[in-house]
Amino acid sequence: MEDIRSLEDLLDLQVIDSDLDRLFERRAGLPELEAYRVAHEELSGIEQQLSEMTERLREIYLASDKSDGELKIEEDKAHREEQRLYAGGLSARDSEYLRAEVEMLRRQISQREDQSLALMEEEEQLDAARAEREKERDAVAAEKGRIEEVVAASWQQIDDEVARLEVRKAEVVRLIDTDLIELYEQIRSSQEGVGIARLGEGVCGGCHLTLSAAEQVQAVKTFPPRCIHCRRILAPQ
Ligand SMILES: [Zn+2]
């Protein structure tokens, strides 16, 4: 009788363990976790792009500063040379030489102005693109935060249920012989989490195969009774 009682307790333990297994599976397989992963990757990608845009803008600022500085030097020089030219008193040769130099400077200045303009245009476009990307970043970050809250709430719910079951499990485990629990755990680990099953009307509740009358008699002769097909522990009805 004592043996039969402990098999009934072991069946109770199996119910609790199966519930726990389902909870752990649910915890690891929440559909929001995939959505979280997608949002996380998207956010990382956007942040990478933003940092590249910021770096390019920094390069543009530096290039603009440099170009503006050089433009100022060239304009000052052109201005000085022009004044020398207008003041007169130069030989025809010097005057020709100076005129050629002023023309060259004016060409350089014109090219540099084009370059500055191109940099300004690029800066404007990049600024606008970055602002757009920042809006996307904020939206994805908000979505990620929302998913995080949903996951945390689901996990909390699951963890509360797990804690409740662990208390009941500890109560049941106390009633069962440790050797029997060890055997049960061993079978559970190789038989999809099911270590003990009910033997009802000659059918093993674990593998759902039938045991003949002779096989049933043979099975219950030993303790604990085991299914001849799947080797799970059997609790006779
Ligand atoms: Zn079986």
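Residues numbered from 1 in each chain as written. Predicted model: local features only at pLDDT ≥ 70, side-chain atom pairs only at ≥ 80, totals over all residues. Heavy atoms only, no water.

Caption draft 1: Main features of the overall build of the chain. Across its full length, the chain holds five helices and three strands. In the chain, the order of α-helices and β-strands from amino to carboxyl end is α-α-α-α-β-β-α-β. Taken against the 2.2 N^0.38 rule, which gives 18 Å for 237 residues, the C-alpha radius of gyration of the chain at 41 Å runs more than 25% over that of a compact globule. Dimensions of the chain, computed from the C-alpha atoms along their principal axes, are close to 130 × 30 × 25 Å. The buried share among the 237 residues of the chain stands at 32%. Residue pairs in contact within the chain that sit at least 24 positions apart in sequence constitute 75% of those at least 6 positions apart. For the chain, the exposed area adds up to about 15,300 Å²; of that, 52% sits on carbon and sulfur atoms. Looking at the chain, you have 33 positive and 55 negative side-chain charges, and the mean spots of the two groups are 2 Å apart. (Helix = DSSP H or I, 4+ residues; strand = E, 2+ residues; numbered from the N terminus. Rg over C-alpha atoms; globule rule 2.2 N^0.38 Å. Buried < 20%, exposed > 50% of the residue type's maximum accessible area, 1.4 Å probe, protein only. Contact = heavy atoms within 4.5 Å. Areas by Shrake-Rupley, 256 points an atom, 1.4 Å probe, with all protein chains shown as cover. Lys, Arg positive; Asp, Glu negative; His and termini not counted. Charge placed at Lys NZ, Arg CZ, Asp CG, Glu CD.)

Caption draft 2: Representation of the sheet that holds strand 1 (residues 196-200) within the structure. In spatial order, the strands read 2-1-3; together these three strands make up an open sheet with mixed pairing. Lying at the two open borders of the sheet, with one neighbouring strand each, are strand 2 (203-204) and strand 3 (233-236). Bridge count for strand 1 against strand 3 is four bridges, and the pairing is parallel. If you follow I196 over to strand 3, its bridge partner there is I233. (Pairing = 2+ DSSP bridges.)

Caption draft 3: Representation of the coordination of the zinc ion in the model. Distances from the zinc ion to its protein donors, namely C204 (SG), C207 (SG), C227 (SG) and C230 (SG), fall within the range 2.3 Å. For the zinc ion, the four donor atoms in the first shell make angles of 106 to 114° at the metal, a pattern classed as tetrahedral. Taken in chain order, the donor set of the zinc ion reads C-x2-C-x19-C-x2-C. Taken together, the residues C207 in the loop between strand 2 and helix 5 (213-221) and C230 in the loop between helix 5 and strand 3 connect sequence positions 23 residues apart. Judged by its relative accessible area of 22%, C207 is partly exposed. (Donors = N, O, S within 2.8 Å, 3.2 Å for Na, K, Ca; no water. Tetrahedral: all angles 85-135°; square planar, octahedral: opposite > 155°, others 65-115°.)

Caption draft 4: Main features of the pattern of salt bridges. This structure, assessed with the given rule, holds 28 salt bridges. A salt bridge links D17 to R188; the shortest N-O distance between them is 3.8 Å. In this pair, D17 is assigned in helix 1 (residues 2-28) and R188 in helix 4 (residues 178-190), connecting sequence segments 171 residues apart. In this pair, the class of D17 matches that of R188, namely buried. Here the salt bridges share partners, and the residues they tie into one network are D17, D21, K169, E185 and R188. (Salt bridge = Lys/Arg side-chain N within 4 Å of Asp/Glu carboxyl O.)

Caption draft 5: Up close: the packing of aromatic side chains. On inspection of all chains with the given rule, the structure shows zero aromatic pairs. Positioned over the ring face of W155 is R27, at 4.3 Å from the centre of the ring. (Phe/Tyr/Trp six-rings, centres within 6.5 Å; stacked < 30°, edge-to-face > 60°. Lys NZ or Arg CZ within 6 Å of the ring centre and 35° of its normal.)

Caption draft 6: Up close: the nonpolar core. Core analysis: the largest hydrophobic core is formed by 20 residues, its most contacted members being L10, L13, I176, I196 and I233. Secondary structure elements with two or more residues in this core: helix 1, helix 3 (92-173), helix 4 and strand 3. The greatest single-element share of this core, amounting to seven residues, is contributed by helix 1. Among the nonpolar cores identified, the runner-up in size contains nine residues, and L43, I46, L50 and M53 belong to it. (Core = buried A, V, L, I, M, F, W, Y, C linked by side-chain atoms within 4.5 Å.)

Caption draft 7: Spatial organisation of the domain arrangement of the chain. Once the domains are mapped, the chain shows domain 1 (28-175) and domain 2 (182-236). The straight-line distance from the C-alpha centre of domain 1 to that of domain 2 is 67 Å. (Domains from an automatic or database assignment.)

Caption draft 8: Examining the environment of A129 more closely. Relative to the elements of secondary structure, A129 occurs in helix 3. Its relative accessible area of 30% is what places A129 among the partly exposed residues. With 76 residues separating them along the chain, A129 and M53 place their C-alpha atoms 8.6 Å apart.

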